[in-house]
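Okay, here's what each chain looks like letter by letter:
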Amino acid sequence: MKKTLALSLVMFIFSVSACAPQLTATPLPVMTEAPQIPVTEVPAEKPYANSGFGFGFQFPSSWFGPEEYISDQTLRIEVGTDKVYPYGTDPAERVYDLKNSYNVVIQYSKNDQNQVWKDTYQTLVNLKDGESVSDVRSLTIRVRQLSLGGFDGIEYISTLSETAQIEAVYARQVILINAQSNDVIIVMGQPINVEINDGANWREVYKAIDEANLSVFREMVESITVNSIGVLELDKIIDAALRGDKDGLKSLMKFNQVKCTVAEGLGGPPKCLAGEQDGTVVEALPILDSEGHFLRKADLESWSGLDVSALFAVYEVSESAYSDENYPAGQYAIVFVGADQVTSWTLQVDQGNIIRMDHGFGFPPSIPDGNVLRFLIEPR
């Protein structure tokens, strides 16, 4: 379900803003039977993707959702082991069937100017794993540091302080920030519809539900792809490039079988090496730049990889784009901004494989109109 509405900003006790994941405060119930805690099996296997935001992740196929909410440059998705409701639904109208259920909210904001998240992140950066900060109402416990593509982040627990025992609040959260794009990802998992045995410590019950779902929570975080376009074969390449995963990119390359040449001059087929006769078939990946050269499969181990900082565009390649037997064009082209902010790399992709790499100069990257059949992600 997709909606586009204006989000109202609401401050909560953990220095979060609304349209962000909402913590559900639950009055402390009294039960006479020991609570049963459902455990979700991993790995997650149901895909979610929003091509407009270039964002995706996976969650368990048995879960409910996704419930999607959009406002301007912010995307919010909620999934859970029990029913999920549209963002803004009155808590009194939320009816749950499964006791001790668990839900996860993921929010992605492009060019987020909300200083609250940055302040929260900085507070967590200054802590060591296991350390905490608290005030009269809230307790924040740093768990671990992590990275995801171009994002750096921290996992932490948000709960009530020892002096605030009015309502039960316990959530595991991850905040991820891309310092270059100013994009922010917030992931929050929390127990829902919790039952507590008479005399039991509510915090321990919530903690037990959280820990029972910890593996799936982290699987979901690790499955997040930013700049996802919903085409798995392209998402794999984008993710590997932005992560700096050289081995991942190597596994996605397809080397052409071409005949080497002893002819001198720029461009053309790969040059024959010592001991190779003119016309010898070699395996090579073309690199198109001001001259044109090749990465031979035999030299792949010494390849230094791609040094890129951001995705710039993705498009379906037109038949009028330059292509020949030595430098074939792909079905799709993925354009990245170089880490130096001066150069660019365009990966020509066919059937999920990189078949050519184009090295460009100048910023922003230049994409000839004649090369584009249609954009999957518009130039940024």
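Residue numbers restart at each chain and count upward from 1, following the sequence in its written direction. Where totals are concerned, whole chains, interfaces and linings use all residues; where local detail is concerned, this predicted model gives features only for residues with pLDDT of at least 70, and gives and counts side-chain atom pairs only at 80 or more. Hydrogens are left out, water is left out, and the side-chain values use all remaining heavy atoms of the structure.

1. Thoughts on unusual backbone geometry
Between Gly65 and Pro66 the backbone carries a cis peptide bond, its omega angle lying at 10 degrees. With respect to the helices and strands, Pro66 occurs in strand S4 (residues 64–71). That bond from Phe363 to Pro364 is cis: its omega, 0 degrees, falls within 30 degrees of zero. Only DSSP runs of H or I reaching four residues or more are called helices, and only runs of E reaching two or more are called strands; each is numbered from the N terminus. Tracing the backbone through its elements, the reader meets Pro364 in the loop between strand S20 (353–361) and strand S21 (372–377). Phi angles above zero are rare outside glycine, and Asn100 is one such case at about 55 degrees.

2. With respect to the sheet that holds strand S7 (residues 132–134)
The 8 strands are arranged S4-S5-S6-S12-S11-S9-S8-S7 in an open sheet whose pairing can be described as antiparallel. In this open sheet, the two strands that pair with only one neighbour each are S4 and S7. For this sheet the average axis-to-axis angle between neighbouring strands, irrespective of direction, equals 20 degrees. Think of it this way: DSSP has to see at least two bridges between two strands before they count as a pair. As defined by bridge partners, S4 adjoins strand S5 (residues 74–80) across 6 bridges and the pair is classed as antiparallel. For Glu67, the partnering residue across the bridge sits in S5 and is Glu78. The sheet strands contacting helix H2 (residues 202–212) are strand S6 (101–109), strand S9 (151–160), strand S11 (170–177) and strand S12 (184–192), and the helix crosses S11 at an angle near 50 degrees. Pairs of residues are marked as contacts when any of their non-hydrogen atoms sit within 4.5 Å. Working convention: axes come from line fits to C-alpha atoms, limited for helices to the stretch in contact. Angles between N-to-C directions cover 0 to 180 degrees. In the packing of helix H3 (residues 214–223) onto the sheet, contacts are made with S5, S6, strand S8 (138–148), S9, S11 and S12, and the angle to S11 comes to roughly 20 degrees.

3. Looking at the pairing of S6
Within S6, 9 of the 9 residues are buried, leaving the element largely enclosed by the surrounding structure. What you see with S6 is no split at all: Ser101, Asn103, Val105, Gln107 and Ser109 on one side and Tyr102, Val104, Ile106 and Tyr108 on the other are buried throughout. Where S5 meets S6, 7 bridges bridge the pair, whose relative direction is antiparallel. Counterpart to Gly80 in the pairing with S6 is Asn103. In the sheet, S6 pairs with S12 via 9 bridges, with the strands oriented antiparallel. By the bridge assignment for S12, Asn103 is matched with Gln190. Note on exposure labels: buried denotes an accessible area under 20% of the residue type's maximum, exposed denotes more than 50%, and partly exposed covers the range between, all computed with a 1.4 Å probe on protein chains only.

4. Looking at the environment of Lys236
If you trace the backbone, Lys236 turns up in helix H4 (residues 232–243). Using a relative accessible area of 48% as the deciding quantity, one classes Lys236 as partly exposed. Placed 16 residues apart in sequence, Lys236 and Leu252 show a C-alpha to C-alpha distance of 8.6 Å.

5. Description of the state of the cysteines
The definition used for a disulfide is geometric: two cysteine sulfur atoms within 2.5 Å. Summed over the entire model, instances satisfying the criterion amount to 1 disulfide. The partner cysteine of Cys260 in its disulfide is Cys272, sulfur to sulfur 2.1 Å. Where Cys260 bonds to Cys272 through sulfur, the torsion about that S-S bond is close to 90 degrees, and the disulfide is right-handed. Of this pair, Cys260 sits in the loop between strand S14 (256–259) and strand S15 (281–288) while Cys272 sits in the loop between S14 and S15, and the two are 12 residues apart along the sequence. Like Cys260, the residue Cys272 is buried in the burial classification.

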